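These are the residues of each chain, in order.
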Amino acid sequence: MAKVTIDGIEIEVEDGTTILQAARKIGGKIVPPAMCYYGPLKGSGGKCRVCLVKVTQGSAKDTRPMPKLVASCITHVQDGMVVENTTNEEVLNARKSIVEMLLINHPLDCPICDQAGECNLQDLSYEHGVSAQRFEEERRTFNKVDLGPYIQLHMTRCILCYRCVYTADQITEKRVHGVLGRGDAAEIGTYIENVIDNDFSGNVIDVCPVGALTDKTWRFKNRVWFTKPLDAHRDCPTCSGKVTLWTRGEEVLRVTARKDQYNEVEEFICNTCRFDKKETSDWTIEGPRHIDRSSVISANHYELPVLNVPIVPNLPVSTKKNLPQE
Amino acid sequence: MGLKILTEHINVPGIETLEVYRKHGGYKSVEKALKTMSPEEVVEEVKTSGLRGRGGAGFPAGMKWSFLAKPEGVPRYLVCNADESEPGTFKDRWYMEKNPHGLIEGMITSSYALGANTSYIYIRGELMFILRILEKAIAEAYAAGLLGKNILGSGYDLDLHVAPGGGAYICGEETALLESLEGKRGNPRNKPPFPAVKGLFQRPTVVNNVETISSVPWIVNNSGAEYAKVGIGRSTGTKLISASGNINNPGVYEIELGVPVEEFIYSDEYCGGIWKGRQLKAVVPGGSSVPILPANLILKTAEGEQRLMTYESLSDGGFVTGSMMGSGAFIVFDEAQCIVRNTWNYSRFYHHESCGQCSPCREGTGWMEKVLHRIEYGHGHQQDIDLLVSVAKQIEGNTICPLGDAAAWPVAAAIRHFRDEFEWHIKHPKEATAPGAVYRGQLDAVTA
C-alpha cells in the first residue's frame, strides 16, 4: 500500500495504482481530466497530456520533486508522494495551453456535431480553455470516410487519442484500424478505407472522446440533451446485453454501453444490441440512468469544476479590449 | 594534430575489408575482452573512461550500461542507434561507410560487456548503401569466427543483425527506435519503464550511438584511465564533429574535446575560417535542435571566458547565453544568411517529423511553422514574435519524448538572440522578401 497526497487530500492506495486512479478514488474536483486514457483499454494514456500534474515530492524516501510535469494517467504512485493538481498554477497553465493546442485543428463545429453535449473536449475547453483564439492559420481538414453502414469517421474532429485503435486491437479479432501518416497529418484509417466488419466494431464510437466516430443510425436524429437515458438489458448471446437507451418519447434513438462519470464503459456491447435493437419491446427497461457528469447531458449541472481557474486567461495584448466605462 | 581514436586508419585504402582492418590492429579489443576480461571489467573500464553518449544527450555510457537490469534467464539486447537524422549531422554515416568493422568490433566488445547474445544495428532507411557495406562486413566477421557461436573459442555467442528503418527522424529517439525495430509504428513509448528495464521485446536493452560504441574498442585496448586523460574535465575523449555551413572546409573532424571554438572555426586544421572572407554571424553548435548562438556568444561565454568544444563549456550560461554539444553538428552561418528563414526551415523539419502522438508537439510544431512561414514571406504581425515564444514554451517539457523540446528550442533561441531581425522582417516586409535580402543591424553594431 502506498500513501499519496493529492491537492492536500491523503489517500491510501495499492502499489501500482496510477496517480489518476488514486485521484479518481478521492473523486470530486481534484481529478485530472483525461482525453486519451481509457481504463478498460490496456496501454492507453500518456498522449493527450491534459492530465499533467506536478509531483512536488517523489516519495517518502526520495523527497525531491519531479523535474517536469508528469502525465498522471501513466505515472505510478510511490509511498509518500505529494501531487499538486488544481492547486498548482504551473499545472493549470500547462493544461490550458494543451487545451489550446487540441483546439487549433479542431473544427469547433459543435452546433452540427452529434457528440455535442457529451463531448469530452467540449467539457474540457469549457473548464480549462481560453475564450479567444490565437491560431489564425488554415486548419487541417480531411474528407469524411465511410466505414460501412454503421460508423462514420470524420477525421477533421479527431484529436488522435488512439482509443479507437486500442479498442480495435484489444476487443475485436481482426484489426483493420490504425493510424496512418505522421504529425498533424496523421489520421485514423482502415487501410484503405476498408469497411470495419465485426461484431464489436461499434464500440469505437463509445470510446471516441469527440465526434470523430459517430453512429450512423443516430446521426442528425436529435440532440443528446433532448433524449432521456434509460438503463435496459436484453438476453444477448454475444455480449452482456447491459446498455443505456437514449429515448425520446416512446422512440429509442440510440443505444450505447453504460458509461461512468469519466465516460468509461462498464462493459463493451455488440453491434446487434447497438444498431439493430431499436424497439422498446426488444429491451427490459430497468429505470432511468443517472448521468453523473457535469455536462449538458445531465441538464442544469454544468458548472465549473475547478473554481480557481481564472476565466479570463492570458490573452495576447491585441485581443484584449477595454470595456467602456459606465 | 590531436589524438585520433576513431579515425586513425580511416583513410587507409581497403580499411572496409576485414583483412586490412586486422592488419591495422582491428579486433584486438575483441580478443582482449573475450579472453582476458570479465564483462564487469569491461563495463568498469568504460565507466572510468568517462565516455559520454555521443548521440546528443551526453549521458555517461558506463552509467547507462550499469543501469541495465539483469534478471536470470531473460535475454538482453544491445541496439546501436545508427538512425542519424538530425539536420547537420553526418558523422555516423561517414564513419560506417569508411570503417564498418570499427562499429562491428565495438558491437562485439560492448555486447560482451552487457551479456547480450543478440545485437542490432538500427540504420536509417535512406542509408541503404551503408546497410550493404555493413552486411558485407558482418558476413566477413562471421566467416572469420568473430561473430556467431563460440567467438574465438571463448564460449561467447553473438548474432549481429542490421535492420533498416523507414527514414523517420522520430525513430532516432530510443524508444521509438525500439518500437520500429519490433515492427510497429515508430511512436515513442511512455517512460518509465526505461529501456534498461523493458526495452526491445520487453527485455532489458541498451541503446547507444554509433560513435559511442565505436569508441569502446580503444578503451578496452588502452584502458579507460588512458581515455579519461584526453579531453577536459567531464568531457573526456575525442568527438566526431560534422562541420557544415559557410566554412572553407566542411567535413567530419575528430577533435579532442577541449579545442577552443574559435580555433575550430578559424584554424586551417579544421574548418579553415568563413568562406569568401565573410563575417561570422551565428553558429548552431550541436545539430538543428540545440539553441543557435550569435557570433559574440559562441566564441566567448557571457562571462568573457573562451568557449571550448566541451559539453560543459558549450552549455555554459544555460539556454540564456549558452547552447549544447548535442550530436556535434557544427553549423556555421555567415553574414549573408537569414536567421528567420533558417528558423522557419528547422521548424518545417520538425513539423514534418513530429510523430503526432502527443498533442503539444503534433499541433504546436505545425503552428510554429505556419507563423514563421508567414513572417518569412512578409505577412507577419508584431505580436507573432511573442506568440512564437509562448507556443515554444507551451510545447517544451510537456511532451512524451524530446522531439517537442527539440522543436521548441531553436525557435525560442533564435528569437532570444535575433529578435531585432524578426522585428525587421515584420516591419519591412518588402525589403525582407526581396531576393538576397539580409538584415545587418546586429552585425553592423558588432563591427562599429
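Residues numbered from 1 in each chain as written. Chains lettered and ligands numbered in written order. Predicted model: local features only at pLDDT ≥ 70, side-chain atom pairs only at ≥ 80, totals over all residues.

### Some remarks on the interface of chain B and chain A
In plain terms, the rule: In this description, any two residues whose backbone-derived C-beta atoms lie within 7 Å of each other are considered to be in contact. A run of DSSP states H or I qualifies as a helix once it reaches four residues; a run of E qualifies as a strand once it reaches two. Both are numbered from the N-terminal end. All residues other than Ala, Val, Leu, Ile, Met, Phe, Trp, Tyr, Cys, Pro, Asp, Glu, Lys and Arg, Gly among them, are scored as polar; the first ten of these are nonpolar and the last four charged.
Facing the 25 residues of chain B at the interface are 28 residues of chain A. Contributing elements (two or more residues each) for the side of chain B that touches chain A: α15 (339-353), α16 (359-376) and α17 (383-395) of chain B. Tallying contributions element by element places α16(B) first for the side of chain B that touches chain A, with 9 residues. Classifying every residue of the side of chain B that touches chain A gives 6 nonpolar, 14 polar and 5 charged.

### Side note on the sheet that holds strand β1 (residues 2-6) of chain A
Residues and elements named next belong to chain A. Note the threshold: Two strands are counted as paired when DSSP detects at least two bridges linking them. Convention adopted: a line fitted to C-alpha atoms gives each axis, helices being fitted over their contacting stretch, and angles between N-to-C directions are expressed from 0 to 180 degrees.
Spatially, the 5 strands line up as an open sheet ordered β2-β1-β5-β3-β4, and their pairing is mixed. The strands lining the two open edges of the sheet, one partner per strand, are β2 (9-13) and β4 (70-71). Two strands pair when backbone bridges link them, and β1 and β2 are joined in this way by 5 bridges, in the antiparallel orientation. Residue pairing for β2: A2 is matched across the bridge by V13. Along the sheet face, helix α1 (residues 19-26) touches β1, β2, β3 (52-57) and β5 (81-84) and points at about 115° away from the line of β2. Sheet strands in contact with helix α2 (residues 89-104) are β3 and β5, and its direction is about 160° off that of β3.

### Re the domain arrangement of chain A
Residues and elements named next belong to chain A. Using the following cut-off: Bear in mind that the domain bounds are from an automatic or database domain assignment.
Domain boundaries assigned for chain A yield domain 1 (2-95) and domain 2 (110-288). One C-alpha centre belongs to domain 1, the other to domain 2; they are set 27 Å apart. Contact residues are listed per partner, giving 16 residues for domain 1 and 16 residues for domain 2. For the side of domain 1 that touches domain 2, the per-class residue count stands at 9 nonpolar, 3 polar and 4 charged.

### Comments concerning the packing of α16(B) against helix α18 (residues 403-427) of chain B
All names here are of chain B. As a reminder, the rule being used: Just so you know how the angles are binned, under 35 degrees is roughly parallel, over 145 roughly antiparallel, 65 to 115 roughly perpendicular, and the rest oblique. If you view the pair so one helix is near and one far, a crossing is left-handed when the near helix is turned anticlockwise from the far one by less than a right angle, and right-handed when it is turned clockwise.
Where α16 meets α18, the closest approach of the two axes is 12 Å, and the angle between their N-to-C directions is 20°. The angle between the axes of α16 and α18 places the two elements in the roughly parallel class. Between α16 and α18 the crossing geometry is left-handed. Here α16 contributes P360, C361, T365, M368, I375 and E376 to the contact with α18, which in turn contributes L403, G404, A407, V411, F422, H425 and I426. Residue composition of the contact of α16 with α18, grouped by class: 9 nonpolar, 3 polar and 1 charged.

### What to know about α2(A)
Formally: In this scheme, a helix's expected span is set at 1.5 Å multiplied by one less than its residue total. Here the C-beta atoms are placed from the backbone, and a residue counts as buried if at least 20 other C-beta atoms lie within 10 Å of its own, exposed if 12 or fewer do, and partly exposed otherwise.
Between the first and last C-alpha of α2(A) there are 23 Å, a value that for 16 residues agrees with the 22 Å anticipated at 1.5 Å per step. Within α2(A), 13 of the 16 residues are buried, leaving the element largely enclosed by the surrounding structure.

### Brief notes about the sheet that holds strand β11 (residues 329-334) of chain B
All names here are of chain B. Strand order in the open sheet formed by 5 strands is β8-β7-β11-β9-β10, and the pairing between neighbours is mixed. Strands with a single pairing partner mark the edges of an open sheet, and in this sheet they are β8 (251-256) and β10 (293-294). In this sheet, β11 lies alongside strand β7 (residues 238-245) in parallel orientation, the contact comprising 4 bridges. By the bridge assignment, A243 is partnered in β11 with F330.

### Details of the domain arrangement of chain B
Residues and elements named next belong to chain B. Domains assigned within chain B are domain 1 (18-224), domain 2 (238-334) and domain 3 (339-437). Computed from C-alpha coordinates alone, the two centres of domain 1 and domain 3 are separated by 36 Å. The interface of domain 1 with domain 3 comprises 10 residues on the first partner and 9 residues on the second. Residues that form the side of domain 1 that touches domain 3 fall into these classes: 6 nonpolar, 3 polar and 1 charged.

### Describing the pairing of β3(A)
Residues and elements named next belong to chain A. In terms of strand pairing, β3 meets β4 through 2 bridges, oriented antiparallel. Of the residues in β4, the one forming a bridge with L52 is A71. Pairing between β3 and β5: 3 bridges, direction antiparallel. What sits directly across from V55, in β5, is V83.

### Digging into the confidence of the model for chain B
Residue and element names in this part refer to chain B. Definition in use: Confidence of the predictor at the level of single residues is given by pLDDT, which spans 0 to 100.
Counting all residues, the mean pLDDT for chain B is 91, and 98% of those residues have values of 70 or more. Per-element confidence in chain B is highest for strand β2 (residues 118-123), whose mean pLDDT is 95, and lowest for helix α20 (residues 441-447), whose mean pLDDT is 60. With pTM at 0.91, the complex prediction returns an ipTM value of 0.86.

### Let's talk about the nonpolar core
Using the following cut-off: We call a set of buried Ala, Val, Leu, Ile, Met, Phe, Trp, Tyr and Cys residues a nonpolar core when their C-beta atoms link them within 7 Å.
Counting 198 residues, the largest nonpolar core has V79(B), C80(B) and V332(B) as the members making the most contacts within it. By residue number, the principal contributor to this core is α18(B), which donates 12 residues. Leave out the neighbours within four places in its chain, and V332(B) touches G245(B), N246(B), I247(B), I265(B), C271(B), I274(B), L280(B) and V283(B). Membership of the second largest hydrophobic core comes to 14 residues, among which are L245(A), A257(A), I269(A) and W283(A).

### Some details on the pairing of strand β1 (residues 77-82) of chain B
In summary, the side chains of a regular strand alternate between the two faces of the sheet. Residues and elements named next belong to chain B. In terms of burial, β1 is largely enclosed, as 6 of its 6 residues are buried. Alternating positions in β1 separate into two faces, Y77, V79 and N81 on one and L78, C80 and A82 on the other, with burial throughout. Pairing of β1 with β2, which is carried by 6 bridges, proceeds in the parallel orientation. Paired with V79 across the bridge in β2 is Y120. Two elements, β1 and strand β4 (residues 205-209), share 5 bridges in a ladder whose sense is parallel. Note that in β4 the partner of N81 across the bridge is N209.

### Remarks on unusual backbone geometry
In this model, K191(B) is joined to P192(B) through a cis peptide bond whose omega is -10°. Position of P192(B) relative to the elements: it lies in the loop between α8 (174-181) and β4. Of the consecutive residues P192(B) and P193(B), the connecting peptide bond is found in the cis state with omega at 5°. With a phi angle near 50°, L160(A) is a residue other than glycine that sits in the positive phi range. Take L160(A): it is sitting in the loop between β7 (151-153) and α4 (163-170). Classification of L160(A) by C-beta neighbours within 10 Å gives buried; the count is 26. Here the phi dihedral of F201(B) falls at roughly 50°; this positive angle occurs in a residue that is not glycine. Within the fold, F201(B) resides in the loop between α8 and β4.

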